[in-house]
Amino acid sequence: VRPAAMAAERALAMATCTAPVNIAVIKYWGKRDTDLILPINSSLSVTLHQDQLKTTTTAAASRDFTEDRLWVNGKEADVGHPRVQACLREVRRLARKRRGGGEDAAALSLSYKIHIASENNFPTAAGLASSAAGYACLVSALARLYGLEEELSEVARRGSGSACRSMFGGFVQWQRGERPDGTDSLALQVAPETHWPELRVLVLVVSGEKKPVGSTAGMQTSVETSPLLKHRAEVVVPERLAQMMQHIRDRDFEGFGQLAMRDSNQFHATCLDTFPPIFYLTDVSRHIIALAHRYNAHHGHTKVAYTFDAGPNAVIFALADAVAEFVEVVRRSFPPATNGDQFVRGLPVGSAALPPQLEAAVLTEPVPGAVQYILHTKPGPGPQLVDDPSQHLLGPDGLPRSRA
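Residues numbered from 1 in each chain as written. Predicted model: local features only at pLDDT ≥ 70, side-chain atom pairs only at ≥ 80, totals over all residues. Heavy atoms only, no water.

Novice: What is the right way to read helix H6 (residues 227–249) from this model?
Specialist: In an α-helix, one full turn covers 3.6 residues, which means residues spaced three or four apart are oriented alike. Helix length check: H6 (23 residues) gives 32 Å between terminal C-alpha atoms against 33 Å at 1.5 Å per residue, within 8%. By the largest-angle criterion, Val236 marks the main kink of H6, which is about 45°, and a proline, Pro238, follows within four residues. Along H6, the positions that sit buried rather than exposed are Leu229, Arg232, Ala233, Val236, Val237, Arg240, Leu241, Met244, Met245, His247 and Ile248. By the N-cap criterion, in which a side-chain oxygen at the helix start approaches the backbone nitrogen of a residue two or three places on, H6 is capped by Ser226, the distance to Leu228 being 3.3 Å. (Helix = DSSP H or I, 4+ residues; strand = E, 2+ residues; numbered from the N terminus. Expected span 1.5 Å × (residues − 1). Bend = angle between axes of the 7 residues up to and from the residue. Buried < 20%, exposed > 50% of the residue type's maximum accessible area, 1.4 Å probe, protein only. Polar contact = N/O pair within 3.5 Å; in protein donor to acceptor, adjacent residues only side chain to side chain.)

What follows is the structure, encoded as structure tokens:
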């Protein structure tokens, strides 16, 4: 390698990663330490496939950068945000520790300022867990930049609690941990995405609007005012967590689905038990819940299972063979206003004719336009390194590429 090329290499170091969204089936709600982001209970989630939902982040470091900078979805954002800073600080601390305090000439200087660009292929803050994917991606890209390979879920947790679960694919547990310093509050993979190949996920996007009460503020109000939440964290969740892990191991959809629905309902009950109460579910959300129960009752067992996070969008779990029929049920219940062709996105969905008995038992008066679209996806892997330099979000000058 010519010296000039070496100099150019060292002038700008860059790494790009992608990271997934995850959806909790045993919910996280409530922190026991708001600074370290330590939860009052363990939680369990399914990582969704990045072909449908992902964050891409490029991190670059250069001696020529004069300040740290951050761009999110093409717009400059506050790099001084305490949670972004916590992630930066932790990654640099680990890098320093790994080098044993001594500066390795070949290693990237920790004093260089960094530029970060991040992009979602889905709406931010619409109840699609963008913070989880965002911080998991930030930490993955920074770790790659500084040559770290250790356990990083603990670092991602400092950005957003649920982000620690996006550091793994498949089925993931966030262990509550016991230590006050949070060193045992981390994510562990329960099973890889390949474990349950028939499992499918439908995201019913009711609204792309920002939620009324952000999760961060909402959950602390709940911790301070809801006796139900305290009971949930101490008594209900530990038992449910063990059950849910067993259902996943057994690929028992009946058990998995029932428990996911019950846990979602209890989480939203703790929101109602918060004072003043928090309402994340809308009339349309409740309509979808009733529809799922009628559909399962008609079939005599659990074919679809809903779960809702801190927002009105429904996430429906189903096995692959039930997807086409249920999508048709949703289409008939919430006929698309305009985007008939764009109504189902993501993985292909076959067509299905509904038997008259099902129509009579399950369908009620349609509510046109209430569901914006359905995203069909499945469980997927954890963060990925992007090798193709043309995919970097930052150009050779360290500034965002114009996304033509």
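Novice: Just to check I follow, could you spell out the sheet that holds strand E5 (residues 43–47) for this structure?
Specialist: Hydrogen bonds between backbone groups are what pair the strands of a sheet, and the pairing can be parallel or antiparallel. Taken in spatial order, the four strands of this open sheet run E2-E5-E10-E11, and their pairing is antiparallel. In this open sheet, the two strands that pair with only one neighbour each are strand E2 (22–26) and strand E11 (187–191). Averaged over all adjacent pairs, the angle separating strand axes in this sheet is 35°, with direction ignored. Here strand E10 (residues 171–174) pairs with E11 via four bridges, running antiparallel. When the bridges of E11 are listed, Val172 appears paired with Gln189. Across the sheet, helix H7 (residues 253–273) is in contact with E2 and E5; its angle to E2 comes to roughly 90°. (Pairing = 2+ DSSP bridges. Axes fitted to C-alpha atoms, helices over the stretch in contact; angles between N-to-C directions. Contact = heavy atoms within 4.5 Å.)

Novice: Even after reading the chapter, I still don't get the domain arrangement of the protein chain, so can you show me in this structure?
Specialist: Often, the extent of an interface is quoted as the loss of accessible area on bringing the components together. Domains assigned within the protein chain are domain 1 (12–192 + 386–391) and domain 2 (199–377). Taking the mean C-alpha position of each, domain 1 and domain 2 sit 27 Å from one another. Of the residues lining the interface, 30 residues belong to domain 1; the matching set on domain 2 comes to 46 residues. Between the two partners, domain 1 and domain 2, sit one salt bridge. When the shortest N-O distance is used, the salt bridge between Asp309 and Lys27 registers 2.5 Å. (Domains from an automatic or database assignment. Salt bridge = Lys/Arg side-chain N within 4 Å of Asp/Glu carboxyl O.)

Novice: Looking at this structure, I do not really get the packing of aromatic side chains. What am I missing?
Specialist: Any two aromatic rings considered together are summarised by their centre-to-centre distance and by the angle between their planes. A full pass over the atoms with the stated rule returns 10 aromatic pairs. Taken together, a centroid distance of 5.9 Å and an interplanar angle of 85° make the contact between Trp29 and Tyr280 edge-to-face. With Trp29 in the loop between E2 and strand E3 (31–33) and Tyr280 in the loop between H7 and helix H8 (283–299), this residue pair connects regions lying 251 residues apart in the sequence. Residues Trp29 and Tyr280 agree in their burial class; the two are buried. Considering the side-chain rings of Phe253 and Phe256, the 6.2 Å spacing of their centres and the 40° angle between planes classify their relative orientation as tilted. Of this pair, Phe253 and Phe256 both sit in helix H7, three residues apart, which is roughly one turn of the helix. (Phe/Tyr/Trp six-rings, centres within 6.5 Å; stacked < 30°, edge-to-face > 60°.)

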